[in-house]
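These are the residues of each chain, in order.
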Amino acid sequence: MAEPAILRRHGSSIGQPLTRRDGPLKVTGAATYATDNNPPGLLHAVLATSTVARGRVAFLDVAAARAHPGVVEVITPANRPPLAQDPDAKDSPFNFRMELLQDDRVRYAGQPVAVVVAETLEAATEGALLLAPRYEAEPVQAELDGAEVFLPSTIGVGTPSALRNGDVEAGLAAAEARIAATYDTPMQYHNAMEPHSVVAAWEGDRLTLDIPTQGLALTQARIAGLFGVPPEGIHIRSPFLGGGFGSKLVSGPQVLGILAARMVGRPVKFALRREQMYGPVGHRAPTRQTFRLGADATGALTAIAHHVRTSSSRFDDFFEPAAQASHALYAAPALETTTEAVRLDTGTPTFMRAPGEASGSIALESAMDEMAEALGMDPLEFRLRNYAETEPSSGKPFSSKALRECYARGAAAFGWAGRPRAPRGMRDENGLLVGWGMGTATFPVHIFQARARAVLRRDGSGLAETGAHDMGQGAWTALAQIAADSMGLGIDRLEFRAGDSTLPDAGIAGGSGHTATAGSALRAAGEDVVAKLAALAMADERSPLFGAGNAGVVARDGRLLRRDDESRGEAFESVLARAGLEEIEGQGQGAADPAAQERYAMHAHGAVFAEVKVDPELGQVRATRLVGAFAAGNVINPRLVRSQYLGGMIWGVSFALHEAAVMDPRSGRVMNANLAEYHVPVNADVPSLEAILVEEHDPHVNALGIKGVGEIGITGSAGAVANAVWHATGVRVRQFPVAIEALIADWPQF
Ligand code: MOS
């Protein structure tokens, strides 16, 4: 095999900035997303959704919809076939309760109330409009104020809702300086470019689904349960997702498309319209977070108290774990975090990129900034002063922590040292106010369970398989790099399969844990197949590896080599040929190491520095420059990792300055349920971004040393931008996103 020289110098694909293997498919439009599939006989299903947030559907004009040309079926609670499982049953935190036309109740605006199936999308859309529902509406509770408050027992997935280490009141009383401040974060919606959709085709009890999912096995199990069919009879194809951000861990309304296909006996295509994604597929819940911080005269924190109020729906439980942000970063002799909740007439919130840490971090970093200012300290110096050497919530040592280097490299690249401490101290050449702020980034290391298969073939090529999911993060490439290295193959000799439920279960793409999880399984499978091949060679006296035994064998570039003398070796092909084998197969599993998790706290870290410019007359804010330095263990592909960081940092800008679902408290409806009025940053909103990849070797997180990079970029960035707004203007806005009206309400005289 030809040696493409430099990339192979160390025999490694890992660490190379390869472009996406699926890139050409995507840029040429050849990549198939779920709704690109058009099986013969396809019908279209369209959802009718509630315009009220609470009450019941009193009337649907089913006759009018049925009479519309092209309409094949109208599904309402009156004729919806029975399901094998109650959609309101819940046996796992990932099995969210859903509205599958089980009754005429309306639990939130945008809830499915009927499905119209027709020969064309247009006919189904028209039919759904003709249903013209009438409602018996009831009063709505749609905001954090004015609702009954209760204490959930857990937040996120199983985190206790209260944590108390030490005596916070004593710590505050003993403090030289203290602050108390309350921050509000809004509801946010995932807004993946690709709406939730499905193409469903039944053959008896067997089902083929084209559906974008972050959890193939999870989706398979849930749908099998609801329809009472064996999971192995459900074939899910999900090669590409047009974004997910947590909302595609669960399949909600798509189940109605699958139900429609079963009812009409033909394949059905079903996709949410943009405005229908503001209801049944999850959101980031609003939070109100109160911080009380105290510090002594040296700037050391004496107490951190972080209290969160958040919301869930009336009918299911998901509590945004915003308090987690305070569990991992800053040391104080007393730490207390508590979460209370209210129930709102909304859809159920869910995981949304950096769930908990994103909301918690913007408040924590704002509070840290306010505390630094109260002490008259530079914000970076203050954070360095309070940098935790062991995880504050657990007392465990970190498995590794390169945060100091992130601070140093980020600050140097940004030019932080030139920052005047006082606000309103900088102007640009056009007279705009310039502000610099910073924030610390943190996200925990999650590892789930996965399996993989690796095959070496007689022709010298290899195949690696795992049911991994690519939401756009680059799984097709990064996971193939891991597989190639572990199989001792150049990546150009490797076929990689993912995104299909017939492959070994790769767990979920979530929690920034997919590369570590699926990658660990691929690595184990690769090592397994190489070990089997090496055993064949070492036992064969015709092999140059005969008897290599204890000296051991390494695999590289399609060859087995003696570890003690790399000039002695042979190609995989010749081992297989002599053994008369067409191929040889290995299996592997990936999972967390409980012993390591018991001993160590595992987090990725980073530091983000932001510049904003503010028009002194109009209050218009623009983020002009962000530098983030992140340490997240082993970097499999620096190009893709950088891309994840940049995406996260842009979301941080969005969190601080742009993004909010505007809830009408009277109707319980999201008033900007579209991509025109739900603001996200475009290119003009983020002129300059730099992500620095800080090298970090973590021997404890997993054999590959991977920590995960998908979510951390939001944390730190959002607070950095918010703090830069303060530094530019001298106005501390505590309600996010920072609105012009909030800024100019407190506009200083000048
Ligand atoms: Mo992420 S919120 O775990 O997709």
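Residue positions are given per chain, counted from 1 along the sequence in the order it is written. With pLDDT at 70 or above as the cut-off, local features in this predicted model cover only qualifying residues; side-chain atom pairs require 80 or more to be listed or tallied, and sums for whole chains, interfaces and linings still use all residues. In computing side-chain values, all of the structure's heavy atoms are included and hydrogens and water are not.

Draft legend 1. Molecular detail of empty space enclosed by the protein. For cavity detection a 1 Å grid was placed over the protein atoms alone, and a set of points counts as a cavity when a 1.4 Å probe fits there but cannot get out; an open set counts as a pocket when protein lies on both sides within 12 Å along at least five of seven lines, with lining residues being those that have an atom within 4 Å of a point. Grid points are joined across faces, edges and corners, and a volume is the space filled by probe spheres set on the points. According to the stated counting rule, one finds 3 cavities of 30 Å³ or more in the structure shown. For the largest cavity, the calculated volume is near 220 Å³. Along the walls of the largest cavity sit 24 residues, with Phe96, Arg97, Val250, Gly252 and Pro280 positioned nearest its centre. Its volume calculated, the second largest cavity comes out at about 40 Å³. Surrounding the second largest cavity, Asp369, Ala372, Glu373, Met377, Pro379, Arg419, Arg421 and Trp726 form its lining. Runs of H or I in DSSP of at least four residues are treated as helices and runs of E of at least two as strands, each being numbered from the N terminus. No other element matches the 3 residues that helix α7 (residues 357-375) contributes to the lining of the second largest cavity. In this classification, Asp, Glu, Lys and Arg are treated as charged, Ala, Val, Leu, Ile, Met, Phe, Trp, Tyr, Cys and Pro as nonpolar, and every other residue, Gly included, as polar. Looking at the lining of the second largest cavity residue by residue, the class counts come to 4 nonpolar, no polar and 4 charged.

Draft legend 2. The sheet that holds strand β18 (residues 426-427), seen in detail. One requirement defines pairing of two strands: DSSP has to find at least two bridges between them. Strand order across the open sheet formed by 5 strands is β18-β19-β27-β28-β31, with mixed pairing between neighbours. In the strand order of this sheet, the two ends are held by β18 and β31 (689-693), each with one partner. It only takes one pair of heavy atoms within 4.5 Å for two residues to be counted as in contact. What counts as an axis is a line fitted to C-alpha atoms, over the stretch in contact for a helix, and the angles between N-to-C directions run from 0 to 180 degrees. With respect to the sheet, helix α8 (residues 379-386) is in contact with β19 (433-444) and β27 (603-614), its orientation differing from that of β19 by roughly 20°. Docked against the sheet, helix α9 (residues 403-414) engages β19, β27, β28 (621-631) and β31, running at close to 25° with respect to β27.

Draft legend 3. Structural context of the layout of surface pockets. Each pocket or cavity is described by its volume, and for the second largest pocket that value is around 1000 Å³. Lining the second largest pocket are 37 residues, with Pro186, Ala660, Val662, Phe736 and Pro737 positioned closest to its centre. Counting only elements with at least two residues in the lining of the second largest pocket, the list comes to β10 (177-185), β15 (287-295), β28 and α16 (740-745). Here the residues of the lining of the second largest pocket are counted per class, giving 22 nonpolar, 7 polar and 8 charged.

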